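Structural features, examined
This is what each chain is made of:
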Amino acid sequence: MPRPRLLELQLTVLVDDYSGKTRLLAEHGLSIHVKAVYDNGETYRLLFDTGQTGEVLLRNAQGLKILLEDIDAVVLSHRHYDHSGGLSQILDKIKAKPLVAHPDVVKPSYSSREGFMRFNLALTSTQWEKIITSLEPVLSRKPLELAPDIWFLGEIPRTSDNSYATRGFYTQEAGEVVPDKLLDDTGIAIKLQDTAIVIAGCSHSGIVNIAQQAKQLTGAQQIAIIGGLHTGQATDQELETIAKELASLNTTEVHAGHCTGLRGEIALQNQWKQSMHRIHSGYTAIFKLQEREK
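The present account deals with the structure reproduced in this document. (Residues numbered from 1 in each chain as written. Predicted model: local features only at pLDDT ≥ 70, side-chain atom pairs only at ≥ 80, totals over all residues. Heavy atoms only, no water.)

On to a nonpolar patch on the surface. On the surface, Met117, Phe119 and Val177 cluster together into a nonpolar patch covering about 280 Å² of accessible area. Locating Phe119 in the fold gives a position in the loop between β7 (116-118) and α3 (125-132). (Patch = residues over 30% accessible without salt bridge, like charges linked within 9 Å, V, L, I, M, F, W, Y side chains within 5 Å. Areas by Shrake-Rupley, 256 points an atom, 1.4 Å probe, with all protein chains shown as cover. Salt bridge = Lys/Arg side-chain N within 4 Å of Asp/Glu carboxyl O. Helix = DSSP H or I, 4+ residues; strand = E, 2+ residues; numbered from the N terminus.)

Leu11, Ile32, Ile150, Ile199 and Ile226 are the most contacted members of the largest nonpolar core, which has 30 residues in total. If we ignore the near neighbours within four places in the chain, the residues touching Ile199 are Leu11, Ile32, Val34, Phe48, Gly187, Ile188, Ile190 and Ile226. (Core = buried A, V, L, I, M, F, W, Y, C linked by side-chain atoms within 4.5 Å. Buried < 20%, exposed > 50% of the residue type's maximum accessible area, 1.4 Å probe, protein only. Contact = heavy atoms within 4.5 Å.)

Moving on, we get to the sheet that holds strand β1 (residues 6-15). The strand order across the open sheet built from seven strands is β8-β5-β4-β3-β2-β1-β18, with neighbouring strands paired in mixed fashion. The sheet is open, and its two borders are formed by β8 (136-139) and β18 (284-288), each paired with just one other strand. Each strand axis lies, on average, 20° off the axis of its neighbour in the sheet, ignoring direction. Sitting on the sheet, helix α1 (residues 55-63) touches β1, β2 (31-38) and β3 (43-48), and the angle it makes with β1 is about 130°. (Pairing = 2+ DSSP bridges. Axes fitted to C-alpha atoms, helices over the stretch in contact; angles between N-to-C directions.)

Under the counting rule described, the total for this entry stands at one aromatic pair. Judged by centre distance (4.9 Å) and plane angle (70°), the ring pair of Tyr110 and Phe119 falls under edge-to-face. Residue class for Tyr110 comes out buried when judged on its relative accessible area of 10%. Arg113 extends its terminal NZ or CZ atom over the ring of Phe169, reaching a point 5.4 Å from the ring centre. (Phe/Tyr/Trp six-rings, centres within 6.5 Å; stacked < 30°, edge-to-face > 60°. Lys NZ or Arg CZ within 6 Å of the ring centre and 35° of its normal.)

With mixed pairing, the seven strands of this open sheet are ordered in space as β9-β10-β13-β14-β15-β16-β17. Among the strands making up the open sheet, the edge pair consists of β9 (144-147) and β17 (276-278). Neighbour-to-neighbour, the strand axes of the sheet open up by a mean angle of 20°, direction not taken into account. As judged from the three bridges shared by strand β16 (residues 251-257) and β17, these two strands associate in the parallel manner. Across the sheet, residue Val254 finds its bridge partner in β17, namely Met276. Against the sheet, helix α4 (residues 207-218) touches β10 (150-152), β13 (187-192), β14 (195-200) and β15 (222-228), its axis set at about 140° to β14.

The next subject is the pattern of salt bridges. All chains considered together, the criterion is met by 14 salt bridges. Two residues, Glu155 and Arg141, come together in a salt bridge whose shortest N-O distance is 3.1 Å. With Glu155 in the loop between β10 and β11 (169-173) and Arg141 in the loop between β8 and β9, this residue pair connects regions lying 14 residues apart in the sequence. Overall, Arg141 belongs to the partly exposed group, its relative accessible area being 42%. With its nearest N and O atoms 2.7 Å apart, the salt bridge here joins Arg263 to Asp236. Taken together, the positions of Arg263 in helix α6 (residues 262-272) and Asp236 in helix α5 (residues 236-248) put the pair 27 residues apart, joining distant regions of the chain. For Arg263, a relative accessible area of 36% gives the class partly exposed. Its relative accessible area of 57% is what places Asp236 among the exposed residues. The network of salt bridges with common partners includes Arg3, Glu145 and Asp149.

With that settled, consider the pairing of β18. Side-chain alternation along β18 places Ala285 and Phe287 on a buried face and Thr284, Ile286 and Lys288 on a face that remains uncovered. Of the pairings in the sheet, the one linking β1 to β18 comprises five bridges and is antiparallel in character. Across the sheet, Thr12 pairs through a bridge with Thr284, a residue of β18.

Topologically, His102 is positioned in the loop between β5 (98-101) and β6 (110-113). Only 2.9 Å separates the side chain of His102 from the backbone nitrogen of Asp104, close enough to count as a polar contact. (Polar contact = N/O pair within 3.5 Å; in protein donor to acceptor, adjacent residues only side chain to side chain.)

Below, the discussion takes up the side chain of Asp184. Summarising the element assignment, Asp184 is placed in the loop between β12 (176-179) and β13. Exposure remark for Asp184: the relative accessible area of 1% places this residue in the buried category. For Asp184, the residues in contact, after removing those within four places along its chain, are Ser77, His78, Arg79, His102, Asp104 and Val105.

Right under this line is the structure:
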């Protein structure tokens, strides 16, 4: 049988820090519903991240008439609470579905801000035990093609500086608290013709590195990005470098929110003008196959 061809991709933000001019809810977190339609009539649905509490995800999904029961798999961008916290609250709707993530998704995660150490930023052992009794964990450091032209990006090679996105984070190894490289931070790449649509959660790996991984894996000529870029604490020089490096990868549009931060959004706006969009709960981006003239 011929390989199905992707015709249309619909990305709907179920959770973001901002609710926009909608009647939906917002919280510090991110969740994106992915709907891919193929030329053989098949539809593939993903839930990328689950927000912080689960309550906002459930309420917004209901308001947007998105049935979580219909999803084919859940993908976690990384282990932090604002991306994984809602998972244990929606298990009754997604029982027995695959949960795709990096193996480090089970590691502890801490942070230090202004001298105060914060613990339990990630899934607790109790939450994880509850999750694995309902879902099928698929933990991989390597990329996985989940459906035709839809890839879990796996562990991201870090050739471009991402230190701005890992400052202040710690984990525990061999009985010691050490800086956390957040190697579990990853994303999804979806190829539609010449474009790789990159879905990022928090981009602790560096959004440039995530985009590079997506471009290399898919062989796409250009990039479109949606999600959180974790540029809120980046310096002006770092923001300028990020924008230039993304532009050099032939990034044509950016749909950013969550942890991107106001200064990051301004830098992206300066680089991409009308092709930079601020996402919010209920925000939808649609990509369609464009038939070339013969």
